[in-house]
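One letter stands for each residue in the lines below.
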Amino acid sequence: LEFRRVLFRSTNAGYLGLVYLGMASLPAALTAILVCTAPLTTTALAAAWLREPLTARRAAGLLLAFGAVVAIMGRRLHFDGLAPLPVVLVCAGSLALAAGTLANRRVAGRNNPWDVAVTQLLGSGLVLLPLAVGFEHLRFEPGRLSMAA
């Protein structure tokens, strides 16, 4: 039971961390499109793992929403010098978000949604803070937080 709680809390950290790493090297439009695949992934995972029905109406709505994002952001999209690793990182982050969403469904039904959200975000912050301090050259000074040059 405790492992599930830790896994649940870490999925949001995985999403935030992986997307942050990937988007540093990707065009914003491509990052937005890849992150917008999370609802599609969530629906596919829910159908596979939770045996939720994937109706034609639900599938059409998801594809329409994704198509709208591609249509809006597609004009800004370019693939010049695109490396595959950032794309993989953003996709893995979207998968973590989808997994966290499914885990949230099970937990949120039994608990106050505010408590679930706060716990998930605090857990993510605790996971990501040491990484930010270690890799982003954060420097703590009394009264302010700054980036080292």
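Residues numbered from 1 in each chain as written. Predicted model: local features only at pLDDT ≥ 70, side-chain atom pairs only at ≥ 80, totals over all residues. Heavy atoms only, no water.

What follows covers the overall build of the protein chain. On a plain count of helices and strands, the protein chain comes out with six helices and two strands. Going from the N terminus to the C terminus, the protein chain shows its helices and strands as α-α-α-α-α-α-β-β. Out of the 149 residues belonging to the protein chain, those deemed buried represent 26%. Looking at the protein chain as shown, the accessible area adds up to about 9,900 Å², and 69% of this sits on carbon and sulfur atoms. (Helix = DSSP H or I, 4+ residues; strand = E, 2+ residues; numbered from the N terminus. Buried < 20%, exposed > 50% of the residue type's maximum accessible area, 1.4 Å probe, protein only. Areas by Shrake-Rupley, 256 points an atom, 1.4 Å probe, with all protein chains shown as cover.)

As a further point, take the environment of L16. Its place among the elements puts L16 in helix α1 (residues 2-23). You can call L16 partly exposed: its relative accessible area is 38%. With 77 residues separating them along the chain, L16 and G93 place their C-alpha atoms 6.9 Å apart. Excluding anything up to four places from it in sequence, L16 contacts S124 and L128. (Contact = heavy atoms within 4.5 Å.)

For the α-helix, the turn length of 3.6 residues means that residues three or four positions removed from each other point alike. Judged by how many residues are buried, helix α2 (residues 28-35) sits mostly within the fold: six of eight residues are covered. For α2, the full list of buried residues reads A29, L30, T31, I33, L34 and V35.

Once that is clear, we can look at the side chain of T37. Counting through the fold element by element, T37 comes out in the loop between α2 and α3 (38-49). Each residue touching T37, except ones within four places of it in the same chain, is listed here: F66 and S94.

Our next topic: the side chain of T43. Following the sequence through the fold, T43 ends up in helix α3. Exposure remark for T43: the relative accessible area of 14% places this residue in the buried category. Every residue in contact with T43, bar those within four places of it in the chain, is listed here: L54, R58 and L62.

In this structure, Y15, V19, L26, L30, L34, V35, V90 and A96 together form the largest nonpolar core, which totals eight residues. Secondary-structure elements contributing two or more residues to this core are α1, α2 and α5 (84-108). With three residues, α2 is the single largest residue contributor to this core. Excluding residues within four positions of it along the chain, Y15 makes contact with V35, G93, S94, A96 and L97. (Core = buried A, V, L, I, M, F, W, Y, C linked by side-chain atoms within 4.5 Å.)

Let's shift gears to the pattern of salt bridges. A side chain of one charge can pair with a side chain of the opposite charge if their charged atoms are brought near each other. Counted according to the given criterion, the structure contains one salt bridge. Ionic pairing is found between R58 and E52, a salt bridge with its closest N-O pair at 3.9 Å. For R58, a relative accessible area of 38% translates into the label partly exposed. (Salt bridge = Lys/Arg side-chain N within 4 Å of Asp/Glu carboxyl O.)

Orientation of α2 relative to helix α4 (residues 56-73), taken along the N-to-C sense of each, is 180 degrees, at an axis distance of 10 Å. In terms of axis orientation, α2 runs roughly antiparallel to α4. Residues A29, A32 and I33 of α2 form the contact with α4, whose own contacting residues are F66, V69, V70 and M73. Residues that form the contact of α2 with α4 fall into these classes: seven nonpolar, no polar and no charged. (Axes fitted to C-alpha atoms, helices over the stretch in contact; angles between N-to-C directions. Parallel < 35°, antiparallel > 145°, perpendicular 65-115°, else oblique. Nonpolar A, V, L, I, M, F, W, Y, C, P; charged D, E, K, R; others polar.)

So, to be careful, I would describe these as geometric facts and stop short of saying anything about function.
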